[in-house]
Amino acid sequence: MIEAIVKDLNDRCLLMCRAEADMLTDEPDFGEEIYHFWHKFDPNIYDFDISGIAGECAEKYNIEAFGAEYCIEAIREIVLQYDLLIKTATNHE
């Protein structure tokens, strides 16, 4: 049961990240890439320098660097909120 809840919430988080990137940059795949990026690293690291990944993504998706940074930060917050929701849901099972 817990695994199903976690999978469902992760799937929803990915959809939210794609939707956020689509809204901000018209590139939903950018949102998916950043979702996976944050899951490789700890999104709680607030002193993480995103300028490198933002520059790469801005070039790859042909968007402004500032827009890429803003979207990356927005997606980090989405991932953090879903991680908190997952921890809450799994602690009550």
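Residues numbered from 1 in each chain as written. Predicted model: local features only at pLDDT ≥ 70, side-chain atom pairs only at ≥ 80, totals over all residues. Heavy atoms only, no water.

Student: Help me understand the packing of aromatic side chains, please; the structure alone is not making it clear to me.
Tutor: Centre distance and the angle of the planes are the two values used to describe a pair of aromatic rings. Enumeration according to the criterion identifies 2 aromatic pairs in this entry. Ring geometry for Phe30 against Tyr61: centres 5.4 Å apart, planes inclined by 55°, an arrangement best described as tilted. Within this pair, whereas Phe30 is found in helix α2 (residues 28–40), its partner Tyr61 is found in helix α3 (residues 51–61), the two being separated by 31 residues in sequence. Assessed through its relative accessible area of 0%, Phe30 is described here as buried. (Phe/Tyr/Trp six-rings, centres within 6.5 Å; stacked < 30°, edge-to-face > 60°. Helix = DSSP H or I, 4+ residues; strand = E, 2+ residues; numbered from the N terminus. Buried < 20%, exposed > 50% of the residue type's maximum accessible area, 1.4 Å probe, protein only.)

Student: Mind showing me how you'd approach the pattern of salt bridges here?
Tutor: Side chains bearing opposite charge may pair, as long as their charged atoms lie close to each other. This structure, assessed with the given rule, holds 6 salt bridges. Residues Asp29 and Arg18 are paired through a salt bridge, measuring 2.9 Å at the closest nitrogen-oxygen approach. With a gap of 11 residues between them, Asp29 in helix α2 and Arg18 in helix α1 (residues 2–25) connect regions that are remote in the sequence. We classify Asp29 as partly exposed; its relative accessible area is 45%. A residue is classified by how much of its surface remains accessible, and Arg18, at 23% relative accessible area, is partly exposed. Residue Glu32 is joined to Arg18 by a salt bridge in which the shortest nitrogen-to-oxygen separation is 2.8 Å. You can see Glu32 sitting in helix α2 and its partner Arg18 sitting in helix α1, a full 14 residues away along the chain. Connected through shared salt-bridge partners, Arg18, Asp29 and Glu32 make up one network. (Salt bridge = Lys/Arg side-chain N within 4 Å of Asp/Glu carboxyl O.)

Student: What is the right way to read unusual backbone geometry from this model?
Tutor: Trans is the prevailing form of peptide bonds, just as negative phi is the prevailing case for residues other than glycine. In this structure, Asp26 takes a positive phi of about 60° despite not being glycine. Along the chain, the position of Asp26 falls in the loop between α1 and α2. In this structure, Asn62 is a non-glycine residue whose phi angle is positive, near 55°. For Asn62, the position within the fold is in the loop between α3 and α4 (65–91).

Student: Just to check I follow, could you spell out the packing of α2 against α3 for this structure?
Tutor: Two quantities define a packed helix pair, namely the angle between the helix axes and the distance between the axes. In the contact formed by α2 and α3, the axes pass within 11 Å of each other and the chain directions differ by 155°. Judged on the interaxial angle alone, α3 and α2 are roughly antiparallel. Classified by chirality, the crossing of α3 by α2 is right-handed. Residues Asp29, Phe30, Glu33, Ile34 and Phe37 of α2 form the contact with α3, whose own contacting residues are Ile53, Cys57, Lys60 and Tyr61. Residue composition of the contact of α2 with α3, grouped by class: 6 nonpolar, no polar and 3 charged. (Axes fitted to C-alpha atoms, helices over the stretch in contact; angles between N-to-C directions. Parallel < 35°, antiparallel > 145°, perpendicular 65-115°, else oblique. Left-handed = near helix turned anticlockwise from the far one by under 90°. Contact = heavy atoms within 4.5 Å. Nonpolar A, V, L, I, M, F, W, Y, C, P; charged D, E, K, R; others polar.)

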